[in-house]
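# Structural description and commentary
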Amino acid sequence: MRLLIVEDEPDLARSLARALREDGYAVDVAEDGDEGRFKALENDYDAIILDWMLPVISGLEVLVDLRKKKRTPVLMLTARRAVDQRVEGLNAGADDYLAKPFDLKELRARLRAIIRRSAGEARDQIEIGTVVIDTWGKKITLAGQTVSITAREYALVEYLALRRGKMISRTELYEHLFDENEDSLSNLLDVRVSLVRKKLGADFIVTRRGQGYCIP
Ligand code: CA
């Protein structure tokens, strides 16, 4: 899953990006509304964390322009008591909001919820044969045993599992699993797929040459 954080407070942007990368998300950061709008329209993010008060153009303007073109889930960050902002943000197409200062745990939960909702997946657990994916705890079990899996491997499995049965192109996977600073020409994706197959079974992820990857 690839996220965009649009936040002009450098400390907050940095600590948020670090925490979410530890969770296995690929994370891009924009420091003002104009850069945020550009990146949000240019790339297909799985979700956007969008601050309301931003230099150049506001988060609300970014949201309004985004909604003319894309349905990317948006979690807006608002000022503590700004009830009007929340209503206005939700009316403009925000999927959820969080008042500053917020708890990281709550942000993680709301983020997961808007991503799952947009993928049409309401449950916390996805079962594929004897593999159970816990999208809440970001854990995977195989025949009841917890599988030791890195956050980045988990992200690959979850992305494919939420789109089970669909062949997902390498380009789409690179778009969603790696951030703008990672080298998309390397074989990072193949390495990750082969590690997942070792852990969950050779047939867990299938490949069709030239088409991409799929969890059947
Ligand atoms: Ca701000």
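These lines cover the structure that appears in this document, whether it is placed above or below. (Residues numbered from 1 in each chain as written. Predicted model: local features only at pLDDT ≥ 70, side-chain atom pairs only at ≥ 80, totals over all residues. Heavy atoms only, no water.)

## Comments concerning the overall build of the protein chain
Secondary structure summary: the protein chain contains 8 helices and 11 strands in total. For 216 residues, the compact-globule estimate of 2.2 N^0.38 gives 17 Å, and the C-alpha radius of gyration of the protein chain, at 18 Å, lies within 12% of that figure. Looking at the protein chain as a whole, 50% of its 216 residues qualify as buried. Each charge sign in the protein chain was given a centre, from 35 positive and 37 negative side chains, and these centres are 5 Å apart. (Helix = DSSP H or I, 4+ residues; strand = E, 2+ residues; numbered from the N terminus. Rg over C-alpha atoms; globule rule 2.2 N^0.38 Å. Buried < 20%, exposed > 50% of the residue type's maximum accessible area, 1.4 Å probe, protein only. Lys, Arg positive; Asp, Glu negative; His and termini not counted. Charge placed at Lys NZ, Arg CZ, Asp CG, Glu CD.)

## A short note on the coordination of the calcium ion
Protein-derived coordination of the calcium ion comes from Asp-8 (OD), Asp-51 (OD) and Met-53 (O), at a distance range of 2.1 to 2.3 Å. Overall, Asp-51 belongs to the buried group, its relative accessible area being 3%. (Donors = N, O, S within 2.8 Å, 3.2 Å for Na, K, Ca; no water.)

## Brief notes about the packing of helix 1 (residues 10-22) against helix 5 (residues 104-118)
Put simply, helix 1 and helix 5 touch, their axes get as near as 12 Å, and they point 60° apart. One finds that helix 1 runs oblique with respect to helix 5. Every pair of crossing elements has a handedness; the one defined by helix 1 and helix 5 is right-handed. Residues Leu-16, Ala-19 and Leu-20 of helix 1 pack against Leu-104, Leu-107, Arg-108 and Leu-111 of helix 5. A class-by-class count of the residues in the contact of helix 1 with helix 5 yields 6 nonpolar, no polar and 1 charged. (Axes fitted to C-alpha atoms, helices over the stretch in contact; angles between N-to-C directions. Parallel < 35°, antiparallel > 145°, perpendicular 65-115°, else oblique. Left-handed = near helix turned anticlockwise from the far one by under 90°. Contact = heavy atoms within 4.5 Å. Nonpolar A, V, L, I, M, F, W, Y, C, P; charged D, E, K, R; others polar.)

## Quick notes on the pairing of strand 3 (residues 47-51)
The buried fraction of strand 3 amounts to 5 of the 5 residues, a majority that puts the element mostly inside the structure. Residues Ala-47, Ile-49 and Asp-51 of strand 3 are buried on one face, and the alternating residues Ile-48 and Leu-50, pointing to the opposite face, are buried as well. Alignment of strand 1 (residues 2-6) against strand 3, held across 4 bridges, turns out to be parallel. From the neighbouring strand, Leu-3 faces strand 3, where its bridge partner is Ala-47. Pairing between strand 3 and strand 4 (residues 74-78): 4 bridges, direction parallel. Counted as the bridge partner of Ile-49 is Leu-75 from strand 4. Handedness of the strand 3-helix 3 (residues 59-67)-strand 4 crossover: right-handed. (Pairing = 2+ DSSP bridges. Right-handed = clockwise from strand over helix to strand, strands pointing away.)

## Concerning the environment of Asp-46
With respect to the helices, strands and loops of the structure, Asp-46 is situated in the loop between helix 2 (33-42) and strand 3. The sequence separation of Asp-46 and Arg-2 amounts to 44 residues, and the corresponding C-alpha distance is 5.5 Å. Every residue in contact with Asp-46, bar those within four places of it in the chain, is listed here: Met-1, Arg-2, Thr-72, Pro-73, Ile-115, Tyr-159, Arg-163 and His-176. There is a polar contact of 2.7 Å between the side chain of Asp-46 and the backbone nitrogen of Arg-2. (Polar contact = N/O pair within 3.5 Å; in protein donor to acceptor, adjacent residues only side chain to side chain.)

## Quick look at the sheet that holds strand 8 (residues 139-142)
The antiparallel open sheet is built from 4 strands, whose spatial order is 6-7-8-9. Either end of the sheet is taken by a strand with one partner, and the two such strands are strand 6 (125-128) and strand 9 (145-146). Of the strand pairs in this sheet, strand 7 (residues 131-134) and strand 8 are connected by 4 bridges, and their pairing is antiparallel. Bridged to Val-131 within strand 8 is Leu-142.

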